[in-house]
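Residues per chain, in single letters:
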Amino acid sequence: MIGTFFKYLSATVAISTTGFAQPVLAALPATTVTPKVLIVTMFGSEAKPWEQHAKFTHTYPLPGLSADYPDLKCNDQAVCMLTTAMGYANAATTLTSVAFSSQLDLRQTYIIIAGIGGVDPQKGTLGSAHWAQYVIDGGLVHRIDARQMPKEWTTGMFALGTIHPGEKPKWHAGSEVFELNGALVNKAYMLSKNVELLDTPEAQADRKMFPVGSVATKAPFVSVCDTVSADTFWVGSAIANAMDQYAKLLTDGAADVCTSQMEDNASLTALKRGADAGKLDFNRVLVLRTASDYDQEAPGQTPVQALAANGSGYKPAVVNAYRVADAVTQDIIAHWAQWQDGI
């Protein structure tokens, strides 16, 4: 009922975690909405499966949310969902508003960013689902048009403050890389790895563009691999390879990029600032991306053709983002005593 997520708190509450420093937590006003799980979607199609199945019965207009998606929606299990609208500016603005809202107590909330994206055909397939350990910003870079870059260069993209590819960045914004709680990421994977995923005849047909037996031809599956963010919706093996190499550069080889999307570093920057202010626990944040399209061309295909062919993975990606994230959500709700103090 409504009382499930309204609390009256007068003192600071500490949250314990395993293997991570305890966050400094801020005091709250008297009455707040207290989700156990907050689902973050980026646009209406990603939100639709949650609206169809999660039985949201409470709606809370929040200042600072997108005019297209102005409400936080919650159900009687204390599962809530919001939609940021697409791109860095919308994601950062919405989640900053949420993180610092006096109407919310997010200090014990598990936040699951669940949306679609592109996938590397060597690491995923249409409809596959991937939990991220590392989230890398692919937009905070120098870029020279490939038609004007030195002939010996393999890419015109290179780190800020440097003068050629392969050098570590010399300028730092502080949001280039986020490493999420590995224990939580692994638990999410274990809970969701056997979820039944949607597949479609259209997606199956498009997989046939890739060599028989390759990862890209497989049915949808769940894995742990990393994601790169950029406001630009890019396509093509040249950019994909540059992004992969840049991610490895920033993480000393640790990142294994498999998906691309347009919001996550912006979202995590807002959430990290909220965590630093004691408003939420960053160790409880998860990022899930499901594959709506391949981020590069198939053999015999051009990047332009690859972009034009995008579409058959859209439906399974949207549905599977819900199914995979919901598997974790339902375990949190059913076993809250095990989750309450953190993972």
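Nothing here was measured: the structure is a model prediction, and the numbers come from that model.

Chemist: Tell me about the pattern of salt bridges, residues and numbers included.
Modeler: Throughout the structure, instances matching the rule amount to 13 salt bridges. Among the salt bridges present, the one from Asp252 reaches Lys168, with a minimum N-O distance of 2.6 Å. Taken as a pair, Asp252 in the loop between α5 (237-250) and β15 (257-261) and Lys168 in the loop between β11 (157-159) and β12 (177-179) lie far apart in primary sequence, 84 residues in all. Residue Asp281 is joined to Arg284 by a salt bridge in which the shortest nitrogen-to-oxygen separation is 3.2 Å. Of the residues examined, Asp281 reaches a relative accessible area of 2% and is grouped as buried. Shared partners join several salt bridges into a network, and the residues in it are Lys123, Asp244, Lys248 and Asp256.

Chemist: Would you mind going over the environment of Ile113 in detail, with residue names and values included?
Modeler: On the secondary structure map, Ile113 appears in strand β7 (residues 110-119). Once residues lying within four places of it in the same chain are set aside, the contact partners of Ile113 are Val40, Met42, Asp264, Ser267, Leu268, Leu271, Leu286, Val287, Leu288 and Arg289.

Chemist: Before we move on, could you go through the pairing of strand β6 (residues 79-83) and cite the residues and values that matter?
Modeler: Most of β6 sits inside the fold, with five of its five residues counted as buried. The pairing of strand β3 (residues 37-41) with β6 spans five bridges and is parallel. Within the sheet, the bridge partner assigned to Val40 lies in β6 and is Leu82. Inspection of the sheet shows strand β5 (residues 71-74) paired to β6 by two bridges, in the antiparallel sense. Residue pairing in the sheet places Lys73 in a bridge with Met81 of β6. Hairpin connection, β5 to β6: the antiparallel pair is bridged by four residues, and Ala78 has positive phi, about 70°.

Chemist: Describe in detail the side chain of Thr83, supporting the description with residues and values.
Modeler: Mapping Thr83 onto the fold places it in strand β6. Exposure remark for Thr83: the relative accessible area of 4% places this residue in the buried category. Those residues within four positions of Thr83 in sequence are excluded, and the remaining contacts are Thr41, Met42, Phe43, Gly44, Ala47, Tyr69 and Thr94.

Chemist: Give a description of unusual backbone geometry that names residues and reports values.
Modeler: Positioned with a positive phi, Ala85 is a non-glycine residue whose angle comes to about 80°. With respect to the element layout, Ala85 can be found in the loop between β6 and α2 (88-99). Judged by its relative accessible area of 8%, Ala85 is buried. For Asp252, which is not a glycine, the phi torsion comes out positive at approximately 55°. For Asp252, a relative accessible area of 65% gives the class exposed.

Chemist: Give a description of the state of the cysteines that names residues and reports values.
Modeler: For the structure on display, the rule yields two disulfides. Across the disulfide from Cys74 sits Cys80; the S-S distance is 2.0 Å. Between Cys74 and Cys80, the S-S torsion sits near 110°, and that sign places the bridge as right-handed. The two residues Cys74 and Cys80 agree in class, both being buried. Numbered by position along the chain, the disulfide-linked cysteines of the protein connect as 1-2, 3-4.

Chemist: Got a sec to walk through the packing of helix α3 (residues 182-192) against helix α8 (residues 314-334)? Specific residues and values, please.
Modeler: Between α3 and α8, the shortest axis-to-axis distance is 9 Å and the interhelical angle comes to 105°. Overall, the two elements α3 and α8 adopt an arrangement that is roughly perpendicular. Where α3 approaches α8, its residues Ala188, Leu191 and Ser192 are matched on the opposing element by Val324, Ala327, Val328 and Asp331. Across the contact of α3 with α8, the residue classes tally to five nonpolar, one polar and one charged.

Chemist: Go over the packing of helix α1 (residues 44-53) against α8, please, and point to the residues and values.
Modeler: Look at α1 against α8: their axes get within 9 Å of each other, and the N-to-C directions meet at 50°. In terms of their interaxial angle, α1 and α8 are classed as oblique. The two elements α1 and α8 meet at a crossing, and its hand is right-handed. Side by side, α1 and α8 meet where Ser45, Glu46, Pro49, Trp50 and His53 of the first sit next to Tyr314, Val318, Ala321, Tyr322, Ala325, Asp326 and Thr329 of the second. Among the residues making up the contact of α1 with α8, the classes are represented as seven nonpolar, three polar and two charged.

Chemist: So what's going on with α8? Residues and values would help.
Modeler: Here α8 is 21 residues long and its end C-alpha atoms lie 30 Å apart, about the 30 Å a rise of 1.5 Å per residue gives. Residue Asp326 marks the point of greatest curvature in α8, where the axis turns by about 25°. Summarising burial for α8: 15 of the 21 residues are buried, a large majority.

Cut-off values and rules
- Residues numbered from 1 in each chain as written.
- Predicted model: local features only at pLDDT ≥ 70, side-chain atom pairs only at ≥ 80, totals over all residues.
- Heavy atoms only, no water.
- Salt bridge = Lys/Arg side-chain N within 4 Å of Asp/Glu carboxyl O.
- Helix = DSSP H or I, 4+ residues; strand = E, 2+ residues; numbered from the N terminus.
- Buried < 20%, exposed > 50% of the residue type's maximum accessible area, 1.4 Å probe, protein only.
- Contact = heavy atoms within 4.5 Å.
- Pairing = 2+ DSSP bridges.
- Disulfide = S-S within 2.5 Å.
- Axes fitted to C-alpha atoms, helices over the stretch in contact; angles between N-to-C directions.
- Parallel < 35°, antiparallel > 145°, perpendicular 65-115°, else oblique.
- Nonpolar A, V, L, I, M, F, W, Y, C, P; charged D, E, K, R; others polar.
- Left-handed = near helix turned anticlockwise from the far one by under 90°.
- Expected span 1.5 Å × (residues − 1).
- Bend = angle between axes of the 7 residues up to and from the residue.

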